[in-house]
Amino acid sequence: MFVSLTGALAVIPGFALAQDQNGQTPAPPQENPQSPESPKPEKAPEEGKKEEKKDETANPAQAAADKTKEVTQQAAEATKKMGQAALIKARDWESGWLTGVYVEEGQTMTPLTRKQRIEIYREQTLTTPGAYMKRMFAAGIDQARGVPYQWDDGWDGYVERFASREGQFIAANSLAALGNAALKYEPRYDQCTCSGFWPRAKHAIMRNFLTYDESEVHLRPQWALYSGSFGGGLLSTAWKPHPRNAFAEGSRAMLGQAGYGALLNFFIEFSRDMNRKIGAKQKR
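Residues numbered from 1 in each chain as written. Predicted model: local features only at pLDDT ≥ 70, side-chain atom pairs only at ≥ 80, totals over all residues. Heavy atoms only, no water.

Regarding its fold elements, the chain presents nine helices and four strands. When the elements of the chain are put in sequence order from the N terminus, they spell out α-α-α-β-α-α-α-β-α-β-β-α-α. Of the contacts made within the chain by residues no fewer than 6 positions apart, 66% connect residues no fewer than 24 positions apart. As displayed, the chain has an accessible area near 19900 Å², and 62% of this comes from carbon and sulfur atoms. (Helix = DSSP H or I, 4+ residues; strand = E, 2+ residues; numbered from the N terminus. Contact = heavy atoms within 4.5 Å. Areas by Shrake-Rupley, 256 points an atom, 1.4 Å probe, with all protein chains shown as cover.)

Written out as structure tokens, the structure is:
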């Protein structure tokens, strides 16, 4: 009996081994993919880019607002630059469109030819806006004073006063140009080579009464300038309401030249300084 039991125990392990060899071996236990200990798979570069792009376009209204803001800022900056350029160009008085022809500081003055005198006469009398603006200003003062009193106080009266001033100015400038050409005097203003406010202001006032002869060195009285002013005032009595005293009109015109001429010279003398103060580019 003991032998039979021992044989049975020997047969059972052999039978179990035979089953393991003939059957499929059980698979080893797999790790749980959702286990917290398992590392997460890395994202591909393409997937990351797609997700970023998706985040950016997640709010189309915000993207449109940002784009509109950017375009608006660019347009505002461009408009600002254009406005500044236009303003500086408009403030560049040194080009001569307002002040007329003059000799800038540092330029050498040489005797003028007949052709140059004709060109200067045109610019000082007919072809520059400044010539008409001065007459408009003078006509405005006449309008405010109500002289001549026979003319209307409205628009028609201003037109008459402007036409009177323009005719008197053309007559005076023509006579002065002829006189300066005959005497070979300098018709232009020259900026002072000195420094300091008072020396330059003195130069501006003095040059309204004195000018250079053909040497461009020696100063002479402004005979032609004031004779032309007197002649222009005298001729203006031909169209102004009567009664008019020709001598009185000529004398008033000479006094006007003394005042307006000094003021214009002063403006020309300090125009460059004024331009620098307000940011206009210095003319080379």
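Under the counting rule described, the total for this entry stands at one disulfide. Across the disulfide, Cys 192 is cross-linked to Cys 194 (sulfur-sulfur distance 2.0 Å). The chirality of the disulfide connecting Cys 192 with Cys 194 is right-handed, given an S-S dihedral of about 130 degrees. Cys 192 gets classed as buried once you look at its relative accessible area, which sits at 8%. (Disulfide = S-S within 2.5 Å. Buried < 20%, exposed > 50% of the residue type's maximum accessible area, 1.4 Å probe, protein only.)

This brings us to the pattern of salt bridges. By the definition in use, this model includes 11 salt bridges. Residue Lys 184 pairs with Glu 214 through a salt bridge whose shortest N-O separation is 3.9 Å. Separated by 30 residues along the polypeptide, Lys 184 in the loop between helix H6 (155–183) and strand S2 (189–190) and Glu 214 in the loop between strand S3 (210–212) and strand S4 (219–221) bring together distant segments of the chain. On the accessibility criterion, Glu 214 (46% relative accessible area) is partly exposed. (Salt bridge = Lys/Arg side-chain N within 4 Å of Asp/Glu carboxyl O.)

A word on helix H5 (residues 129–145). With 17 residues, H5 ought to run about 24 Å at 1.5 Å a step, and its terminal C-alpha atoms sit 25 Å apart, in line with that. Among the residues of H5, Gly 130, Ala 131, Arg 135, Ala 138, Ala 139, Asp 142 and Gln 143 are the ones counted as buried. Positioned one or two residues after H5, Gly 146 has a phi angle of 75 degrees, which is positive. (Expected span 1.5 Å × (residues − 1).)

Let's shift gears to the packing of aromatic side chains. Taken as a whole, this structure holds seven aromatic pairs when the rule is applied. Here the aromatic rings of Phe 197 and Phe 266 are separated by 6.0 Å at their centres, their planes lie at 80 degrees, and the arrangement is edge-to-face. Within this pair, whereas Phe 197 is found in helix H7 (residues 197–206), its partner Phe 266 is found in helix H9 (residues 246–278), the two being separated by 69 residues in sequence. Centre to centre, the rings of Phe 230 and Phe 247 are 6.0 Å apart; their planes meet at 70 degrees, and the pair counts as edge-to-face. Of this pair, Phe 230 sits in helix H8 (residues 223–235) while Phe 247 is found in helix H9, placing the two residues 17 residues apart along the sequence. Take Phe 247: its relative accessible area is 58%, and that puts it in the exposed class. Here a set of aromatic residues connected by ring pairs shows up, and it is made of Phe 197, Trp 198, Phe 266 and Phe 270. One cation-aromatic arrangement involves Arg 135 over Phe 169; the distance from NZ or CZ to the ring centre is 3.9 Å. (Phe/Tyr/Trp six-rings, centres within 6.5 Å; stacked < 30°, edge-to-face > 60°. Lys NZ or Arg CZ within 6 Å of the ring centre and 35° of its normal.)

Attention now goes to the environment of Gly 250. On the secondary structure map, Gly 250 appears in helix H9. On the accessibility criterion, Gly 250 (0% relative accessible area) is buried. It is 8.6 Å that separates the C-alpha atoms of Gly 250 and Ser 236, two residues lying 14 residues apart in sequence. Not counting the four nearest positions on each side in its chain, Gly 250 is found in contact with Ser 229, Phe 230, Gly 233 and Leu 234.

Okay, unusual backbone geometry next. Going from Val 147 to Pro 148, the amide bond is cis rather than trans, its omega being -10 degrees. That bond from His 242 to Pro 243 is cis: its omega, 0 degrees, falls within 30 degrees of zero. Here Pro 243 lies in the loop between H8 and H9. Phi is positive for Lys 184, which is not a glycine, with a value near 60 degrees.

The next thing to look at is a nonpolar patch on the surface. A cluster of nonpolar side chains, namely Leu 175, Leu 178, Leu 234, Leu 235 and Trp 239, defines an oily patch on the protein surface of about 460 Å² accessible area. Counting only elements with at least two residues in the nonpolar patch, the list comes to H6 and H8. Locating Leu 175 in the fold gives a position in helix H6. A relative accessible area of 38% places Leu 175 in the partly exposed class. (Patch = residues over 30% accessible without salt bridge, like charges linked within 9 Å, V, L, I, M, F, W, Y side chains within 5 Å.)

Here we take up a negative patch on the surface. On the surface, a cluster of negative charge is made up of Asp 152, Asp 153, Asp 156 and Glu 160. Residue position: Asp 153 is located in the loop between H5 and H6. What makes Asp 153 exposed here is its relative accessible area of 60%. (Lys, Arg positive; Asp, Glu negative; His and termini not counted. Charge placed at Lys NZ, Arg CZ, Asp CG, Glu CD.)

In the predicted model, the chain carries a mean pLDDT of 79, and 70% of its residues have values of at least 70. Contacts of residues 1–29 to residues separated by more than four positions or lying in other chains number zero contacts, the stretch itself having pLDDT below 50. pLDDT under 50 marks residues 31–39. Its contacts with residues more than four places away, or in other chains, come to two contacts. (pLDDT = per-residue confidence, 0-100.)

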